[in-house]
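# Residue-level structure breakdown
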Amino acid sequence: MCRHNMQDRLYKRLQAECDMHISQQLAALQAQTQLAPAAFLEQVAATWEDYCNQMLLIRSIFLYLDRAYVMSLPGLRSLFDTGLASLRQHLAAHSQVESHILRGLLDLVERERRGEAVDRQLLAGLVRMLGDLGLYATTFNPRLLQETAAFYKAEGLRLMEACDVPDYLIHCESRIHQEQERCLHYLDPSSRRPLLQEVEQQLLAAHIGSILAKGFNPLMSGHRVQDLARLYSLLGRVGGTDALREQWRLYITTTGVVIVKDGLNDKEMVDRLLQLKAQLDEVLTNAFNNSPVFADQLTSAFQSAVNSRSNKPAELVAKYIDAKLRSSKGVGEGELEADLDRALVLFGYIQVSDNARQFIFQFSLDKSLVYA
């Protein structure tokens, strides 16, 4: 027919036959919209698979027409692309079918989020169908993001009330991983970043103040280094580092001031400050990745706390060093040196007069003489 200049007529006849077939198939699907979402989507998937196979067969049969006529004329689509465009047009005309497809997919995604097992292969096939029809980015993805935000907003509000902070952070971490898995298994890769942003916004960014107010001090007091590392990582994803650093400063200052101003336990002040400093150093290293800004905050906050009471901390550090030197008999050289080094580091935070510094320096000299 192409060699007898009937290619235009043949092309139009194929278009008409495809249009009629698509109309019949969508009418059949519309009659099944009363089915449960999963059952309806299975019918859609079967119809789509059958349609693709038929279009591939048509393209194979009419390969000469496709290559010699269609591809040589600007403005004409290939036979397969023509079939997709026709299906897209008819689907828009059958709005109830399109609406049920979208609703069914969104329902299955939500059911999986609630812990139900769903057919991921079915979801993946229909997501690819929407992509091929040009409906994923324009129609499905905006609704997916909208419903994702609503789902996690409600979940965040509920769990912030019901859970303690460590459990809540573990849940947030799990949810982020689950959404990454969905993008890997059946959602389009273009959804990954905006989808994760919605999860992070609703579960983390919206609750930064509550998470820190409710959980930071208990995590520090309990020395929950792993949970603090999780907190640092998660808040870093949503721009919460500055708020975390401020909470870090407040904790160091408040805890240090309580120790320094506890006049009834002055004998324990140096040991308590050394213990606090060791804990803070461990958190800085193992939870906050030795962040320079957190390290600077540690230095300034600890110095402020130690100097909240004039003269007494310096006096007690001097006595601590004197006691260590006097009781050094029977103590290993390495142990004594470590104790004195920690005390001198602590003294470095104290703002004292030159005379007091000279006093401490003399003890440092005595330390050297002991080793000599």
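These remarks concern the structure in this document. (Residues numbered from 1 in each chain as written. Predicted model: local features only at pLDDT ≥ 70, side-chain atom pairs only at ≥ 80, totals over all residues. Heavy atoms only, no water.)

## Thoughts on the overall build of the protein
Scanning the protein from terminus to terminus reveals 17 helices and zero strands. Here the protein holds 372 residues, and 42% of them are scored as buried. Excluding contacts between residues fewer than 6 apart, the proportion of contacts in the protein whose partners are at least 24 apart in sequence is 74%. Accessible surface, the protein as shown: approximately 19,400 Å² in total, 51% of it carbon and sulfur. (Helix = DSSP H or I, 4+ residues; strand = E, 2+ residues; numbered from the N terminus. Buried < 20%, exposed > 50% of the residue type's maximum accessible area, 1.4 Å probe, protein only. Contact = heavy atoms within 4.5 Å. Areas by Shrake-Rupley, 256 points an atom, 1.4 Å probe, with all protein chains shown as cover.)

## Considering the state of the cysteines
Here the structure, examined in full by the defined rule, presents zero disulfides. The thiol of Cys163 is unpaired, and the distance to the nearest cysteine sulfur, on Cys172, comes to 9.2 Å. For Cys163, a relative accessible area of 23% gives the class partly exposed. (Disulfide = S-S within 2.5 Å.)

## Here we look at the packing of helix α11 (residues 225-237) against helix α13 (residues 269-286)
Running from N to C, α11 and α13 point in directions that differ by 45°, and their axes come no closer than 9 Å. Judged by the angle between their axes, α11 and α13 are oblique. α13 is crossed by α11, and the crossing has right-handed handedness. Residue-level contacts link Val225, Leu228 and Ala229 of α11 to Glu282, Val283 and Asn286 of α13. (Axes fitted to C-alpha atoms, helices over the stretch in contact; angles between N-to-C directions. Parallel < 35°, antiparallel > 145°, perpendicular 65-115°, else oblique. Left-handed = near helix turned anticlockwise from the far one by under 90°.)

## A closer look at helix α10 (residues 208-221)
The terminal C-alpha atoms of α10, which comprises 14 residues, lie 19 Å apart, in line with the 20 Å expected from a rise of 1.5 Å per residue. Where α10 is buried, its residues meet α7 (136-162), α8 (165-185), α9 (192-203), α11, α12 (241-260) and α13. Residue His223 follows α10 closely and has a positive phi angle near 55°. (Expected span 1.5 Å × (residues − 1).)

## Some details on the environment of Pro166
Tracing the chain through its elements places Pro166 in helix α8. For Pro166, a relative accessible area of 10% gives the class buried. Taking C-alpha positions, Pro166 is 9.6 Å from Phe216, a pair spaced 50 residues apart along the chain. When sequence neighbours within four positions are dropped, the list of residues in contact with Pro166 reads Leu219, Arg224 and Asp227.

## Brief notes about the packing of aromatic side chains
A complete count under the given rule lists nine aromatic pairs for this structure. Look at Phe216 and Tyr251: their rings are 6.3 Å apart centre to centre, the planes differ by 85°, and that puts the pair in the edge-to-face class. Taken together, the residues Phe216 in helix α10 and Tyr251 in helix α12 connect sequence positions 35 residues apart. By relative accessible area, which is 0% here, Phe216 ends up buried. Ring geometry for Tyr232 against Phe294: centres 5.6 Å apart, planes inclined by 80°, an arrangement best described as edge-to-face. Taken together, the residues span a long stretch of sequence, with Tyr232 in helix α11 and Phe294 in helix α14 (residues 292-306) at a distance of 62 residues. Both residues of the pair, Tyr232 and Phe294, belong to the buried class. Ring pairing ties together the aromatic residues Tyr232, Trp248, Phe288 and Phe294, which thus form one cluster. The ring of Phe151 carries the charged tip of Arg113 above its face, separated from the ring centre by 5.9 Å. (Phe/Tyr/Trp six-rings, centres within 6.5 Å; stacked < 30°, edge-to-face > 60°. Lys NZ or Arg CZ within 6 Å of the ring centre and 35° of its normal.)

## A short note on the nonpolar core
Phe216, Leu231, Leu244, Trp248, Leu280, Phe288 and Phe302 are the most contacted members of the largest nonpolar core, which totals 59 residues. If you tally residues by element for this core, the top one is α13, at eight residues. Those residues in contact with Phe302 that sit more than four places away from it in its chain are Ile252, Leu273, Leu276, Lys277, Leu280, Leu346 and Tyr349. Membership of the second largest hydrophobic core comes to 39 residues, among which are Tyr51, Leu135, Phe140 and Leu187. (Core = buried A, V, L, I, M, F, W, Y, C linked by side-chain atoms within 4.5 Å.)

## Quick word on α13
Look at α13: 26 Å from first C-alpha to last across 18 residues, which is about the 26 Å you get at 1.5 Å a residue. Taken as a whole, α13 has its buried residues at Met269, Val270, Leu273, Leu274, Leu276, Lys277, Leu280, Val283 and Leu284.

Function-wise, these values are silent; they only describe arrangement.
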